[in-house]
Every structure is written in structure tokens, then in C-alpha cells.
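Letter by letter, the chains look like this.
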Amino acid sequence: MPLGLAALDHLRTACEDLRAMLDGYDAAAIDAAGAKVGQAAASVRAIGAWRSEPDVTERLKAIATLLEMARVRTRVLSDRANQKLNVLAVRGAENAPLVYGR
């Protein structure tokens, strides 16, 4: 397997892990998964071969969909967290659930 394909497989796995973490309530796990996506994306950029290999380009297009889903999910969750924080600010902690579990 060419180095570019291996790097893209690593990026795809990191994106899938991030998506799974976004469904949970562990902020540290979400941050760690996001960092892994960043590192994997940096590895892909560093290789640079993806521009010239058709197989790599196709995989990158598929991964772009995963990245977009994670981006949208992150925005939705961020908005939801902000709404919960606003409720806490208005009503107090006894009347609203915590944003993240402990």
C-alpha cells in the first residue's frame, strides 16, 4: 500500500473515532479524538502525493464527507452546549442538567 493510502486510512479511522466520541459526553475524549484528526490530516498534507495518485484522490473525497459530518456534528453539539449553559445561567444548576457527565 502506498504511503499516501496508509495515511488516508489513518485519517479515515481518526474521523470515525471522532464521530464516535462526539456521540458521548466525555469532553477530554472528544478533544483527544479531534487532536488525532489534526495529526492525521497533517500527515496527509506532509506526504503531498495525494495530488497525483487517483486512488488516493478518491479516498480523500470519501474522507471529506466524514470530515464534513464531524464538522456539522461539532457545530450542533456546540450550539446545544451553549443553549444548556444559557439555561443554567438563567435558572440555576438545580433546574437544568449538566452539559457533560462527570
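The name recorded for the protein chain in an unreviewed UniProt entry is Flagellar protein FlgN, from Sphingobium baderi LL03.

(A) Representation of the overall build of the protein chain. Counting secondary structure elements, the protein chain contains 3 helices and 0 strands. Ordered by position in the sequence, the α and β elements of the protein chain form the string α-α-α. Residues counted as buried form 25% of the 102 residues belonging to the protein chain. When the accessible surface of the protein chain is totalled, it reaches about 6900 Å², and 57% of it is carbon and sulfur.

(B) Just the pattern of salt bridges, in detail. In this structure the tally under the stated criterion is 6 salt bridges. Close ionic contact of Arg 12 with Asp 9 constitutes a salt bridge, the shortest N to O distance being 3.1 Å. With Arg 12 and Asp 9 both in helix H1 (residues 3-22) and 3 residues apart, the pair spans about one turn of that helix. On the accessibility criterion, Arg 12 (33% relative accessible area) is partly exposed.

(C) Representation of the environment of Ala 7 in the model. Position of Ala 7 among the secondary structure elements: in helix H1. A relative accessible area of 11% places Ala 7 in the buried class. When the C-alpha positions of Ala 7 and Val 56 are compared, they lie 9.6 Å apart, and in sequence the two are 49 residues distant. Aside from chain neighbours lying at most four places away, what touches Ala 7 is Val 44 and Ile 47.

(D) Just helix H3 (residues 54-91), in detail. Compared with the 56 Å implied by 1.5 Å per residue over 38 residues, the 56 Å span of H3 between its first and last C-alpha is a close match. Those residues of H3 that fall on the buried side of the exposure criterion are Val 56, Ile 63, Leu 66, Ala 70, Ala 81 and Leu 88.

(E) Examining the confidence of the model for the protein chain more closely. Put simply, the protein chain has an average pLDDT of 81, and 82% of its residues get 70 or more. When mean pLDDT is compared element by element in the protein chain, helix H2 (residues 27-47) scores highest at 89, while H3 scores lowest at 83.

What counts and how
Residues numbered from 1 in each chain as written. Predicted model: local features only at pLDDT ≥ 70, side-chain atom pairs only at ≥ 80, totals over all residues. Heavy atoms only, no water. Helix = DSSP H or I, 4+ residues; strand = E, 2+ residues; numbered from the N terminus. Buried < 20%, exposed > 50% of the residue type's maximum accessible area, 1.4 Å probe, protein only. Areas by Shrake-Rupley, 256 points an atom, 1.4 Å probe, with all protein chains shown as cover. Salt bridge = Lys/Arg side-chain N within 4 Å of Asp/Glu carboxyl O. Contact = heavy atoms within 4.5 Å. Expected span 1.5 Å × (residues − 1). pLDDT = per-residue confidence, 0-100.

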